[in-house]
Amino acid sequence: MSATSRTAAPVTHAIAPNRSWLRFDVGELWDRRDLLFLLFRRDFVSRYRQTLLGPAWHVLQPLALALVFTLVFGRVAAIPTEGAPRVLFYLAGLLGWNACSHSLQATSATFGSNADLFGKVYFPRLIVPLAAVLTSLVALGLQLGVFLVVLAGYRLVTPSSGVGMHWSALWLPLLAVEAAALGLGVGLWISSVTARYRDLKHAMPFLLLLWMFLTPVIYPLSRVPPEYRALALANPVAPVVEAFRHALLGTGTVVPSALVGSLASTLLILVSGVLIFQRTERTVVDTL
Amino acid sequence: MTETVIEIENLSKAYRLGELRFGTLREAMSRWRTRSRREARPSPAIAPEQVGPAPNTFWALRDVTFSVGRGEVVGVIGRNGAGKSTLLKILSRITEPTSGRGLITGRVGSLLEVGAGFHPELSGRDNIFLNGAILGMRKADIRRQLDEIIEFSDVGAFIDTPVKRYSSGMYVRLAFAVAAHLEPEILIVDEVLAVGDASFQRKCLGRMRDMSRTHARTVLFASHNLEAVQRLCGRSVLLDRGRLRACGDTATVVAQYLGAETPFAAAGTWIDVAGAAREGTGEVRVVEVRFTSGNARAAGQLYADGPAEFELAIEAVGARRVQSIALGIRDPAGQKLVNVDLAALGETFALPEGRSVVRVRIEELHLKPGTYTVALWIARYAGEGLGPGDVLDFVERAMELEVVDLAAPGFRTWLGGGAGVVTCDFELIEISHPGALPDRLRSPR
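Residues numbered from 1 in each chain as written. Chains lettered and ligands numbered in written order. Predicted model: local features only at pLDDT ≥ 70, side-chain atom pairs only at ≥ 80, totals over all residues.

Side note on the overall build of chain B
Tallying secondary structure elements over chain B gives eight helices and 20 strands in all. Residues classed as buried in chain B amount to 40% of the 445 residues present. Long-range pairs, those at least 24 residues apart, make up 71% of the contacts in chain B with a sequence separation of at least 6. (Helix = DSSP H or I, 4+ residues; strand = E, 2+ residues; numbered from the N terminus. Buried ≥ 20, exposed ≤ 12 C-beta atoms within 10 Å, placed from the backbone. Contact = placed C-beta atoms within 7 Å.)

As for the overall build of chain A
When helices and strands are counted, chain A shows twelve helices and one strand. Each helix and strand of chain A, ordered N terminal to C terminal, gives the series β-α-α-α-α-α-α-α-α-α-α-α-α. The principal-axis extent of the C-alpha atoms belonging to chain A is close to 70 × 45 × 35 Å. Within chain A, the proportion of its 288 residues that are buried is 40%. Contacts in chain A between residues at least 24 apart in sequence constitute 80% of all its contacts with a sequence separation of at least 6.

Remarks on the domain arrangement of chain B
Residues and elements named next belong to chain B. Per the domain assignment, the segments making up chain B are domain 1 (4-259) and domain 2 (271-404). Every contact between the two is made by four residues of domain 1 and, on the other side, four residues of domain 2. Looking at the side of domain 1 that touches domain 2, the element that brings in the most residues is helix α8 (residues 250-259), giving three residues. In the side of domain 1 that touches domain 2, the residues fall into three nonpolar, one polar and no charged. (Domains from an automatic or database assignment. Nonpolar A, V, L, I, M, F, W, Y, C, P; charged D, E, K, R; others polar.)

Here's the deal with the sheet that holds strand β11 (residues 284-292) of chain B
All names here are of chain B. Taken in spatial order, the four strands make up an open sheet running β10-β11-β13-β18, and their pairing is antiparallel. In this open sheet, the two edge strands, each paired with only one partner strand, are β10 (271-272) and β18 (354-362). Across two bridges, β10 lies against β11 in antiparallel orientation. In the sheet register, D272 faces β11, and the bridge partner there is E288. (Pairing = 2+ DSSP bridges.)

Section: the interface of chain B and chain A
It is common to report an interface's size as the accessible area lost on association of the parts. The interface is formed by 44 residues belonging to chain B together with 34 residues belonging to chain A. At the level of elements, β1 (4-16), α1 (25-34), α2 (84-91), β4 (99-105), α3 (124-135) and α4 (139-153) of chain B are the ones that each hand at least two residues to the side of chain B that touches chain A. Across the side of chain B that touches chain A, the residue classes break down as 18 nonpolar, 14 polar and twelve charged. Here four bridges tie strand β1 (residues 12-15) of chain A to β4(B), and the two strands are oriented antiparallel to one another. Each residue of the ladder has a partner; that of A:A14, found in β4(B), is B:L103.

Describing the sheet that holds β1(B)
Sheet architecture is open: four strands sit in the order β1(A)-β4(B)-β1(B)-β2(B), paired in antiparallel fashion. Edge strands, defined here as strands with exactly one partner in the open sheet, are β1 of chain A together with β2 (57-69) of chain B. Averaged over neighbouring strand pairs, the angle between their axes works out to 15° when direction is ignored. Pairing analysis gives nine bridges linking β1(B) to β2(B), with the strands arranged antiparallel. Across the sheet, the residue bridging to B:K13 is B:L61, located in β2(B). (Axes fitted to C-alpha atoms, helices over the stretch in contact; angles between N-to-C directions.)

Thoughts on the packing of helix α2 (residues 33-47) of chain A against helix α7 (residues 127-157) of chain A
All names here are of chain A. Between α2 and α7, the least distance of the axes is 8 Å, while the angle of their chain directions is 50°. Considered as vectors, α2 and α7 are oriented oblique to each other. For the pair α2 and α7, the crossing hand works out as right-handed. Contact residues: α2 offers L35, L36, L39, F40, D43 and F44, while α7 offers I127, V128, L130, A131, A132, L134, T135 and V138. Looking at side-chain class alone, the contact of α2 with α7 contains twelve nonpolar, one polar and one charged residues. (Parallel < 35°, antiparallel > 145°, perpendicular 65-115°, else oblique. Left-handed = near helix turned anticlockwise from the far one by under 90°.)

Some points on the confidence of the model for chain A
Residues and elements named next belong to chain A. When pLDDT is averaged along chain A, the result is 85; 95% of the residues meet or exceed 70. When pLDDT is averaged over each helix and strand of chain A, the minimum, 81, is found for β1 and the maximum, 93, for helix α8 (residues 172-196). Scored below 50 in pLDDT, residues 1-8 shows six contacts in the model against residues more than four places distant or in partner chains. (pLDDT = per-residue confidence, 0-100.)

Notes on the packing of α3(B) against α4(B)
All names here are of chain B. Between α3 and α4, the shortest axis-to-axis distance is 10 Å and the interhelical angle comes to 130°. For the element pair α3 / α4, the angle class is oblique. Our pair here, α3 against α4, has a crossing hand that is right-handed. Seen from α3, the contacting residues are I128, F129, G132 and A133; seen from α4, they are K139, I142, L146 and I149. Looking at the contact of α3 with α4 residue by residue, the classes come out as six nonpolar, one polar and one charged.

Let's talk about the environment of A:F244
Residue and element names in this part refer to chain A. Relative to the helices and strands, F244 is located in helix α11 (residues 237-249). Residue classification places F244 among the buried residues on the basis of 29 C-beta atoms within 10 Å. Each C-alpha atom, one on F244 and one on L95, is 7.5 Å from the other, the two residues being 149 residues apart in sequence. In contact with F244, not counting residues within four places along its chain, are A92, L95, G96 and L175.

A word on the pairing of strand β13 (residues 308-316) of chain B
Sheet faces and side chains relate simply in a regular strand, where the side chains alternate between the two faces. All names here are of chain B. Here β13 shows a buried face lined by A308, F310, L312, I314 and A316 and an unburied face lined by E309, E311, A313 and E315. By the bridge criterion, eight bridges tie β11 to β13 in an arrangement that is antiparallel. Each bridged residue has a counterpart across the sheet, and for E288 the counterpart in β13 is A313. Bridge count between β13 and β18: nine bridges; the pairing is antiparallel. Bridge pairing in β18 links A316 to G354.

Examining helix α9 (residues 199-214) of chain A
Under the 1.5 Å per step criterion, the end-to-end length of α9(A) is 22 Å for 16 residues, consistent within 8% with the ideal 22 Å. If you look at α9(A), its biggest bend is around 40°, right at A:P205. (Expected span 1.5 Å × (residues − 1). Bend = angle between axes of the 7 residues up to and from the residue.)

Describing helix α5 (residues 168-180) of chain B
When the terminal C-alpha atoms of α5(B) are compared, their 18 Å separation across 13 residues agrees well with the 18 Å that a helix rising 1.5 Å per residue should span. For α5(B), the set of buried residues is B:Y171, B:R173, B:L174, B:A175, B:F176, B:A177, B:V178, B:A179 and B:A180.

Quick word on unusual backbone geometry
Residue and element names in this part refer to chain B. At N10, a position not held by glycine, the phi torsion is positive, near 50°. Position of N10 relative to the elements: it lies in strand β1. For R241, which is not glycine, the phi dihedral falls at a positive 45°. Along the chain, the position of R241 falls in the loop between β8 (235-240) and β9 (243-249).

Quick notes on the confidence of the model for chain B
Residues and elements named next belong to chain B. Across chain B, the average pLDDT comes to 80, with 81% of residues at 70 or higher. Segment residues 19-23: pLDDT under 50, and six contacts once partners within four positions in sequence are set aside and those in other chains are kept. Segment residues 35-45 is flagged for pLDDT under 50; beyond a separation of four residues in sequence, or across chains, it makes nine contacts in the model. We note a pTM of 0.71 for the whole complex and an ipTM of 0.83 for its interfaces.

Observations regarding the environment of B:G234
Mapped onto the secondary structure, B:G234 falls in the loop between α7 (226-232) and β8. Expressed as a C-alpha distance, the spacing of B:G234 and B:S324, which sit 90 residues apart in the sequence, is 48 Å.

Thoughts on the environment of B:R173
Residues and elements named next belong to chain B. If you trace the backbone, R173 turns up in helix α5. Overall, R173 belongs to the buried group, with 22 C-beta atoms counted inside 10 Å. Distance from R173 to Q230, taken between C-alpha atoms, is 24 Å for residues 57 residues apart in sequence.

The following block contains the structure:
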């Protein structure tokens, strides 16, 4: 059989209690890349089976939310939007926020919702959250499409408005990846902690909402009083959301140093998240 | 001796009790607070030697050492809770041992459950890819074998239907088909064959045998189905409450397992029932019982289609005449399944003072594997019905006996999940298809 063709070098692995925090096998992850794409495909295909609108849900959700924001925060609370049309302002902000929060939500229950599978088969567990992040990035792409359609419609109706994308939109893919990586890092932390202590699972929706309010999604950063500005920018999502808005609408405050800080904390959270995740995965089935 | 591919040394695994299911922060904090008080109170179901290194832990596996050579098929047997699954989980890397070490050479494929990761919304074809990838196959391998897998599964035209529309039989067959096409160098299989119908089981066992014979693949096979283990495995290991009790030639290990000192009565030895709770006048009492199937392969234990011989040692305070001497077998629910009653002979038996021994033989037991209780009875019949002094001895629960899972060759009965209370041999006369079209009219697939 042809399977022997790739067994030339025998694979050997040791079985021993391993309490080390620094063990991360990239080779093994690469070896199972087929699984990554199949899981990604499963997530995407299965989610909208037997739904009328299918993947349009990816699009409708943020659109509806942006409309509600326009009504509540724009019309009722009258929070200014730096001159940008309200719907576009909220859509752009939500894009930045969702890049992070969707990947967080998709990964934070990794151990909980895969307990059965993890108890029966071994594969590098990290593949599951990675596939979930891929799914949320594709969804983000769809949402960006919606934004562009709405933007084009707006410009058609009001040609003189001057609202439009900035050349910094070229950075968008990188920004999206950074935000997703941040969400993944936090998600890995949460899934590792909730594998042992379920408490966090119940607090999650509330904490996530709180985090969104602390992030300039429904208000511009420029409205934050100067004395709190540094504090607001310490939130690693804040500079990303502002940069999204700057790229998509030309408004917003881009603070390069804050972006660098955001990148640094993302790396820190992601690396520590991966480490605690791989430390947890090795015996997690005993406690699930 | 061939090259060793699995080598484990002093492998141990301790589990925490109370914390197996739920862990909340509050529990962790209170545990931390009470740690100094040390209230170690392991549950009574756990044997003292299984109490682990710390309070509220127990050893699911303790100092297990053995090795497996390339191409060997090794059986893992033991009662429920003996540590079979824990051992296989550690070897499959699903969890880590608490202490000890092991070395595995070769790609491991493990099959602790069929259809792991099947998604109900996806089609059969999609699930083949997904499940295959989860089990460690590459997309290219799956694609190469796709037709073969579909053929093996026998789901035919339904391959592009979501699996949630499948019957449970189709679902299992598809899952097995993927698993059967795994080509790891070392295959680890747990009790999965308990599902699926008999012919499909045979197909899978055959495939496992092929893997080891023609492709020199190593198989580790845990099962309660002793017959399958005996057919498939040259060597076996016996686990008992986490420890390795025996390791060697399968026939020897199985005999040791069946003859092991257990909570159940052992075959071939006199079992003292003199002290059992009983009713009756006590003029005549059954004091000892002995049983055997007379089959060395089963270590004398009773098995589904086997014969059963019972000997009842009776003691009488004086000469008595009785018409009914009976032995009943009940299932755990208390339903009487068998009643061997000498009253059926319509004779009167004269028992002298002192000891008598009654021997009875059941030609074929026809009970499915499991645990049964034995009741004993001695009575006089005084015409219609029983008077108050007519029951001389009645022991409702004299002892428990186990009917073991071992069918004689050629006995066609299903002993797996869904087995009936009573077993019986049968013969397939034919399968006809009166409504089927002749072959040449059928559309090609």
